[in-house]
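A closer look at the structure
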Amino acid sequence: MEPTAEEKILDAAREVFMTKGFAAARMQEIADRAEINKGLLHYYYRSKNKLFRAVFDEAFAKFSAGINQVFEADIPLFDKIEQFVDRYISLLMRNPAMPAFVISELNQKGEAFAEELLSRQTRPNPLPLVMQIQQEVAAGNIKPVNPVGLVLNMLSLCVFPFLARPMFQGMMQVSSKMYDELMQQRKQEVAEFVISAIRKA
(Lines give C-alpha, C1' and ligand atoms only; values in the text may rest on other atoms or scores of the structure.)
Protein backbone atom coordinates (compact mmCIF):
# COMPACT_ATOMS: atom_id res chain seq x y z
CA MET A 1 0.00 0.00 0.00
CA GLU A 2 1.12 3.53 -0.74
CA PRO A 3 2.04 5.48 2.40
CA THR A 4 -0.38 8.23 3.35
CA ALA A 5 0.63 11.89 3.24
CA GLU A 6 0.98 11.91 7.02
CA GLU A 7 3.23 8.82 6.95
CA LYS A 8 5.40 10.48 4.30
CA ILE A 9 5.64 13.60 6.46
CA LEU A 10 6.69 11.66 9.56
CA ASP A 11 9.26 9.61 7.61
CA ALA A 12 10.74 12.78 6.10
CA ALA A 13 10.69 14.59 9.44
CA ARG A 14 12.59 11.77 11.15
CA GLU A 15 15.34 11.97 8.52
CA VAL A 16 15.63 15.76 8.61
CA PHE A 17 15.56 16.01 12.41
CA MET A 18 18.12 13.21 12.66
CA THR A 19 20.56 14.83 10.23
CA LYS A 20 19.98 18.52 10.99
CA GLY A 21 18.77 18.57 14.59
CA PHE A 22 15.64 20.40 15.74
CA ALA A 23 16.98 23.97 15.52
CA ALA A 24 18.42 23.68 11.99
CA ALA A 25 15.54 21.65 10.52
CA ARG A 26 13.26 23.57 8.14
CA MET A 27 9.63 22.80 7.36
CA GLN A 28 10.25 23.44 3.64
CA GLU A 29 12.98 20.80 3.57
CA ILE A 30 10.67 18.32 5.27
CA ALA A 31 7.92 19.07 2.75
CA ASP A 32 10.36 18.66 -0.16
CA ARG A 33 11.61 15.33 1.18
CA ALA A 34 8.03 14.13 1.68
CA GLU A 35 7.26 15.27 -1.88
CA ILE A 36 4.31 17.41 -0.81
CA ASN A 37 3.71 21.16 -0.78
CA LYS A 38 4.30 23.20 2.34
CA GLY A 39 0.61 24.03 2.64
CA LEU A 40 -0.27 20.36 3.06
CA LEU A 41 2.49 19.95 5.63
CA HIS A 42 1.04 22.82 7.67
CA TYR A 43 -2.44 21.28 7.33
CA TYR A 44 -1.22 18.23 9.25
CA TYR A 45 1.27 19.99 11.54
CA ARG A 46 0.93 23.72 12.13
CA SER A 47 4.43 24.16 13.52
CA LYS A 48 7.82 22.50 13.58
CA ASN A 49 7.39 21.97 17.33
CA LYS A 50 4.16 20.01 16.81
CA LEU A 51 5.77 17.92 14.08
CA PHE A 52 8.77 17.10 16.21
CA ARG A 53 6.45 16.23 19.10
CA ALA A 54 4.75 13.65 16.87
CA VAL A 55 8.13 12.16 15.94
CA PHE A 56 9.17 12.26 19.60
CA ASP A 57 5.97 10.57 20.81
CA GLU A 58 6.44 7.70 18.37
CA ALA A 59 10.10 7.21 19.34
CA PHE A 60 9.29 7.50 23.06
CA ALA A 61 6.59 4.80 22.83
CA LYS A 62 8.87 2.39 20.95
CA PHE A 63 11.77 3.04 23.30
CA SER A 64 9.62 2.59 26.40
CA ALA A 65 8.32 -0.76 25.18
CA GLY A 66 11.81 -2.00 24.32
CA ILE A 67 13.55 -0.75 27.44
CA ASN A 68 10.84 -2.15 29.72
CA GLN A 69 11.51 -5.57 28.21
CA VAL A 70 15.08 -5.18 29.44
CA PHE A 71 14.06 -3.91 32.87
CA GLU A 72 11.65 -6.81 33.37
CA ALA A 73 13.84 -9.55 31.87
CA ASP A 74 14.89 -12.43 34.12
CA ILE A 75 18.60 -12.07 33.34
CA PRO A 76 21.75 -11.34 35.40
CA LEU A 77 22.28 -7.72 36.44
CA PHE A 78 25.43 -7.19 34.38
CA ASP A 79 23.66 -8.47 31.23
CA LYS A 80 20.79 -6.11 31.97
CA ILE A 81 23.15 -3.14 32.28
CA GLU A 82 24.77 -4.01 28.94
CA GLN A 83 21.41 -4.31 27.20
CA PHE A 84 20.07 -1.10 28.74
CA VAL A 85 23.09 0.93 27.63
CA ASP A 86 23.02 -0.58 24.14
CA ARG A 87 19.33 0.17 23.61
CA TYR A 88 19.47 3.66 25.08
CA ILE A 89 22.45 4.80 23.02
CA SER A 90 20.95 3.15 19.91
CA LEU A 91 17.75 5.18 20.44
CA LEU A 92 19.74 8.39 20.81
CA MET A 93 21.73 7.64 17.67
CA ARG A 94 18.47 7.22 15.74
CA ASN A 95 16.94 10.32 17.36
CA PRO A 96 19.83 12.67 18.21
CA ALA A 97 17.56 15.72 18.46
CA MET A 98 15.48 14.13 21.21
CA PRO A 99 17.58 15.12 24.28
CA ALA A 100 17.68 18.80 23.31
CA PHE A 101 13.92 18.75 22.67
CA VAL A 102 13.26 17.24 26.11
CA ILE A 103 15.44 19.86 27.80
CA SER A 104 13.68 22.63 25.87
CA GLU A 105 10.24 21.34 26.84
CA LEU A 106 11.27 20.98 30.47
CA ASN A 107 12.59 24.56 30.47
CA GLN A 108 9.39 25.90 28.92
CA LYS A 109 6.75 23.72 30.57
CA GLY A 110 8.55 22.47 33.65
CA GLU A 111 6.88 19.75 35.68
CA ALA A 112 3.82 19.70 33.41
CA PHE A 113 5.85 18.14 30.58
CA ALA A 114 7.43 15.55 32.88
CA GLU A 115 4.06 14.69 34.42
CA GLU A 116 2.50 14.27 30.98
CA LEU A 117 5.21 11.81 29.93
CA LEU A 118 5.06 9.90 33.20
CA SER A 119 1.26 9.62 33.03
CA ARG A 120 1.45 7.52 29.86
CA GLN A 121 0.88 3.79 29.98
CA THR A 122 3.92 3.33 27.74
CA ARG A 123 6.68 4.92 29.79
CA PRO A 124 9.97 3.54 31.07
CA ASN A 125 9.65 1.78 34.41
CA PRO A 126 13.12 1.26 35.93
CA LEU A 127 11.78 -0.06 39.27
CA PRO A 128 12.50 -3.73 38.39
CA LEU A 129 16.13 -2.74 37.72
CA VAL A 130 16.31 -0.73 40.95
CA MET A 131 14.94 -3.70 42.93
CA GLN A 132 17.40 -6.08 41.27
CA ILE A 133 20.30 -3.81 42.22
CA GLN A 134 19.03 -3.71 45.81
CA GLN A 135 18.84 -7.50 45.89
CA GLU A 136 22.37 -7.89 44.53
CA VAL A 137 23.68 -5.45 47.15
CA ALA A 138 21.82 -7.28 49.94
CA ALA A 139 23.20 -10.63 48.74
CA GLY A 140 26.73 -9.22 48.75
CA ASN A 141 27.18 -9.87 45.04
CA ILE A 142 28.11 -6.28 44.18
CA LYS A 143 29.56 -3.32 46.05
CA PRO A 144 27.17 -1.29 48.22
CA VAL A 145 25.61 1.29 45.93
CA ASN A 146 22.56 3.55 45.86
CA PRO A 147 20.38 1.95 43.15
CA VAL A 148 18.76 5.24 42.16
CA GLY A 149 22.14 6.94 41.91
CA LEU A 150 23.47 4.10 39.78
CA VAL A 151 20.58 4.37 37.31
CA LEU A 152 21.07 8.15 37.19
CA ASN A 153 24.77 7.67 36.40
CA MET A 154 23.92 5.25 33.60
CA LEU A 155 21.43 7.69 32.07
CA SER A 156 23.88 10.59 32.32
CA LEU A 157 26.75 8.67 30.74
CA CYS A 158 24.52 7.76 27.80
CA VAL A 159 22.77 11.06 27.12
CA PHE A 160 25.40 13.73 27.80
CA PRO A 161 27.43 13.17 24.58
CA PHE A 162 24.28 13.87 22.56
CA LEU A 163 23.43 17.05 24.46
CA ALA A 164 27.00 18.33 24.10
CA ARG A 165 27.57 17.02 20.56
CA PRO A 166 28.14 20.35 18.71
CA MET A 167 30.56 21.62 21.35
CA PHE A 168 32.37 18.28 21.59
CA GLN A 169 32.76 17.90 17.83
CA GLY A 170 34.03 21.46 17.52
CA MET A 171 36.57 21.23 20.32
CA MET A 172 37.87 17.81 19.36
CA GLN A 173 37.57 18.35 15.59
CA VAL A 174 35.56 15.17 15.25
CA SER A 175 33.64 14.49 12.02
CA SER A 176 30.08 13.20 12.07
CA LYS A 177 31.28 9.80 10.86
CA MET A 178 33.87 9.61 13.62
CA TYR A 179 31.30 10.75 16.17
CA ASP A 180 28.95 7.91 15.18
CA GLU A 181 31.82 5.44 15.49
CA LEU A 182 32.61 6.79 18.95
CA MET A 183 29.00 6.34 20.03
CA GLN A 184 29.02 2.75 18.82
CA GLN A 185 32.17 2.12 20.88
CA ARG A 186 30.62 3.96 23.81
CA LYS A 187 27.93 1.30 24.20
CA GLN A 188 30.55 -1.17 25.39
CA GLU A 189 32.67 1.40 27.21
CA VAL A 190 29.81 2.76 29.33
CA ALA A 191 28.57 -0.71 30.24
CA GLU A 192 32.08 -1.83 31.22
CA PHE A 193 32.61 1.35 33.25
CA VAL A 194 29.40 0.90 35.22
CA ILE A 195 29.96 -2.80 35.81
CA SER A 196 33.58 -2.23 36.91
CA ALA A 197 32.35 0.37 39.41
CA ILE A 198 30.06 -2.10 41.20
CA ARG A 199 31.84 -5.42 40.63
CA LYS A 200 33.38 -6.92 43.73
CA ALA A 201 37.11 -7.53 43.54
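Residues numbered from 1 in each chain as written. Predicted model: local features only at pLDDT ≥ 70, side-chain atom pairs only at ≥ 80, totals over all residues. Heavy atoms only, no water.

This brings us to unusual backbone geometry. The phi angle at Glu35 is positive, at roughly 60°, despite the residue not being glycine. Relative to the elements of secondary structure, Glu35 occurs in the loop between helix H2 (27–34) and helix H3 (38–44). Residue Glu35 is classed as exposed on the basis of its relative accessible area of 69%. The phi angle at Gln173 is positive, at roughly 55°, despite the residue not being glycine. (Helix = DSSP H or I, 4+ residues; strand = E, 2+ residues; numbered from the N terminus. Buried < 20%, exposed > 50% of the residue type's maximum accessible area, 1.4 Å probe, protein only.)

With that settled, consider the pattern of salt bridges. This model, assessed by the stated rule, comprises 11 salt bridges. Note that Glu15 and Arg33 form a salt bridge whose closest N and O atoms lie 3.0 Å from each other. With Glu15 in helix H1 (residues 5–24) and Arg33 in helix H2, the pair connects residues that are 18 residues apart, well separated along the chain. The exposure class of Glu15 is partly exposed, given its relative accessible area of 38%. The salt bridge partner of Lys20 is Glu29, with a shortest N-O separation of 2.8 Å. (Salt bridge = Lys/Arg side-chain N within 4 Å of Asp/Glu carboxyl O.)

Next up on the list: the packing of aromatic side chains. In the structure shown here, the tally under the stated rule is 15 aromatic pairs. Ring centres of Phe84 and Tyr88 lie 5.8 Å apart, and the angle between their planes is 35°; on these two criteria the pair is classed as tilted. Of this pair, Phe84 and Tyr88 both sit in helix H5 (residues 77–94), separated by four residues, roughly a single helical turn. There is no split in this pair, since Phe84 and Tyr88 are both buried. Three or more aromatic residues joined by ring pairs form one cluster here, namely Phe17, Phe22, Phe52, Phe56, Phe60, Phe101 and Phe113. Positioned above the aromatic ring of Phe22, the side-chain terminus of Lys48 is 4.7 Å from the ring centre. (Phe/Tyr/Trp six-rings, centres within 6.5 Å; stacked < 30°, edge-to-face > 60°. Lys NZ or Arg CZ within 6 Å of the ring centre and 35° of its normal.)

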